[in-house]
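Overview (structure and organization)
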Amino acid sequence: MTMKKFPEGFIWGSATSSYQIEGAHDLDGKGPSIWDVFCTVPNRIKNGDNGNIGIDHYHKFKEDVALMKSQGFKAYRFSIAWPRVMPEGKGKVNEKGIAFYSDLIDELLANDIQPWVTLYHWDLPLALQMEEDGWLNPKISEYFKDYADLCFDRFGDRVKNWITLNEPWVVSILGYGQGAFAPGRKSNTEPYLAAHHLLVSHAKAVDLYRTKYAHQNGAIGITNNCDWREPLTDKKEDVEAAERALQFFLGWFADPVYFGDYPAVMKERLGERLPEFTAEESRLVKGSSDFFGLNHYTTMYAADEAENPQANIKGNGGISEDQGVSLTQDPDWTLTAMDWAVVPWGCRNLLQWIANRYNDPSIYITENGFACDDEMVNGQVDDSNTRLAYYKGYLEGCHEAISNGVNLKGYFAWSMFDNFEWAHGYGSRFGLNYVDYKTLVRTPKASALWFADLIKKNQL
Ligand code: PNW
């Protein structure tokens, strides 16, 4: 077997988000978020789970950083809970919340782990939802900018890698289209409006960082999620359908960032439901990312709807009737607990598609991982045939893309720990480290030990 080396300086990290791990939902002055409340609505979350306690990272962060250090991670991606530092989303600052993140950052740096900080990973302050209509209100971009200003001011002396938004596609589609995530709205117009305000909010925060905080010499970008779409057949209609699906998924957010406008195919198909960028907005959004943040998990076959009208669409498709695309999985593909298929070559193909379309940006995979309901047997979780095999395959895909010239600069495993998997609750475990939700004891799974070795050697 040939050894697959990764480029020197390749960044190996693991990732989490605030609501999924912190707990301490109402402690030390934190305000409620839309997720705190969404979880109280009956039947929205599997088993009625919620993030009230999470994995109590709020109290155990030193232990958690020690675990990262022992597993060799050089970077840690986490998010700041907006309502922990600004309980009402604007105005008054909660100094105890600031102190928590400040201590976490210091602890990471003391252990030679670079903090990669996401400003928004879905826990919007409830007051902004109730009083201001959340992401549907154009004023949100000013509130987000002020919140970003606070974070750059308090943490920017030590944090050099910022991600404004995590997965605006999920916020728009699952939060405002399908209603599966907070704030639970169902609509075929609101997702496009929310997305527009998300993009402008991102761009204003980046502009602020590059002007007011230029002296901090950090990098800032956005993280988008995208599955790969492989044409079901090599018929022209299916090839076009797969391309159209990618433009509705990733192009929706990445085209504005790289080209200053939405993809032509979205404008054609959506007409007035797709907002237009003003000249000023377009100027602000274009070029607003120092790197291409990508969260990637799975792949589906895409066919033209007319070609394959009976296809069984299983989530992840966005608003399919807007795209005229039908999606299917190969019955031979292994599925995770989320029903996401394991397709390592899709990861390679997507990286190459991004490199081609966006002119070879520096790419960081900011999430990639495998969900299952792990079990502890004799004090150990052996995930070598499930999660570990997934990581190995996907990292081989990454390595191939790098060999083909793709500028992939780093990789963050999702997730460092088992945690609250949103609407799926605690049953779908993504962690490299097992968490016993009764005792809150953390135990490295086989995949965590495999990562430690991989990082040490920097090769597969
Ligand atoms: C991402 N989809 O969520 C999030 O960034 C994480 O917080 C989450 O735990 C992880 O992936 C696993 O789910 C997604 O429907 C949720 O395509 C849904 C989708 C994609 C990503």
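What counts, and at which threshold
- Residues numbered from 1 in each chain as written.
- Predicted model: local features only at pLDDT ≥ 70, side-chain atom pairs only at ≥ 80, totals over all residues.
- Heavy atoms only, no water.
- Helix = DSSP H or I, 4+ residues; strand = E, 2+ residues; numbered from the N terminus.
- Buried < 20%, exposed > 50% of the residue type's maximum accessible area, 1.4 Å probe, protein only.
- UniProt positions renumbered as here; feature names shortened; annotations may be inferred.
- Contact = heavy atoms within 4.5 Å.
- Pairing = 2+ DSSP bridges.
- Axes fitted to C-alpha atoms, helices over the stretch in contact; angles between N-to-C directions.
- Core = buried A, V, L, I, M, F, W, Y, C linked by side-chain atoms within 4.5 Å.
- Expected span 1.5 Å × (residues − 1).
- Bend = angle between axes of the 7 residues up to and from the residue.

**A word on unusual backbone geometry**
- A cis amide bond links Ala182 with the next residue in sequence, Pro183, at an omega value of 5°.
- Tracing the backbone shows Pro183 in the loop between helix 8 (168–176) and helix 9 (190–211).
- The peptide bond linking Trp414 to Ser415 adopts the cis configuration, its omega dihedral lying at 15°.
- Secondary-structure assignment places Ser415 in the loop between strand 11 (408–414) and strand 12 (433–435).
- With phi around 85°, Trp122 is a residue other than glycine that occupies positive phi space.
- Along the chain, the position of Trp122 falls in the loop between strand 3 (114–120) and helix 6 (126–132).
- Of the residues examined, Trp122 reaches a relative accessible area of 6% and is grouped as buried.

**Remarks on the UniProt feature "active site" (unreviewed entry) in the protein chain**
- Those places that UniProt annotates as "active site" (unreviewed entry) correspond, in this numbering, to Glu167 and Glu367. A maximum C-alpha distance of 10.5 Å among these annotated residues, which run over 201 residues, shows that they cluster at one spot.
- Secondary-structure assignment places Glu167 in the loop between strand 4 (161–166) and helix 8.
- Residue classification places Glu167 among the buried positions, given a relative accessible area of 5%.
- Apart from the residues lying within four places of it in its own chain, the contact partners of Glu167 are Trp122, Thr223, Asn225, Asn295 and Glu367.
- Mapped onto the fold, Glu367 is located in strand 10 (residues 363–367).

**Remarks on the sheet that holds strand 5 (residues 219–225)**
- Spatially, 1-2-3-4-5-7-10-11 is the arrangement adopted by the eight strands of the closed barrel, whose pairing is parallel. The sheet shows a mean angle of 25° between the axes of neighbouring strands, taken without regard to direction.
- Pairing of strand 1 (residues 11–15) with strand 11, which is carried by five bridges, proceeds in the parallel orientation. Paired with Ile11 across the bridge in strand 11 is Gly410.
- Most of the contacts of helix 15 (residues 387–403) go to strand 11, to which it runs at about 170°, and overall it touches strand 1, strand 10 and strand 11.

**Re the nonpolar core**
- Within the largest apolar cluster, 151 residues are counted, with the highest numbers of intra-cluster contacts made by Trp35, Trp82, Trp135 and Phe451.
- Broken down by element, the residue count for this core peaks at 10 residues, all from helix 9.
- With residues near it in sequence (within four places) discarded, Trp82 still touches Gly89, Tyr120, Asp123, Leu124, Pro125, Leu128, Trp135, Ile140, Tyr143, Phe144 and Tyr147.
- Of all hydrophobic cores here, the second largest spans seven residues; its members include Met300, Ala302, Val325 and Leu327.

**Points about the sheet that holds strand 6 (residues 228–231)**
- Taken in spatial order, the three strands of this open sheet run 6-8-9, and their pairing is mixed. Of all the strands in the sheet, the pair left with one neighbour each is strand 6 and strand 9 (325–328). Shown here is a sheet whose adjacent strand axes are inclined to one another by a mean of 40°, direction ignored.
- Taken together, the four bridges between strand 6 and strand 8 (residues 299–304) define a ladder with parallel strand orientation.

**Structural notes on helix 10 (residues 236–259)**
- Along its 24 residues, helix 10 runs just 26 Å from first to last C-alpha, ending more than 12% under the 34 Å computed at 1.5 Å per residue.
- The largest bend along helix 10 reaches roughly 65° and is located at Gly251.
- Burial runs high along helix 10: 17 of the 24 residues are buried.

**Observations concerning the pairing of strand 8**
- Counting buried positions over the six residues of strand 8 gives six, a clear majority of the element.
- Burial along strand 8 is two-sided: the face carrying Thr299, Tyr301 and Ala303 and the face carrying Met300, Ala302 and Asp304 are both buried.
- Across four bridges, strand 8 lies against strand 9 in antiparallel orientation. Paired with Tyr301 across the strands is Thr328, a residue of strand 9.

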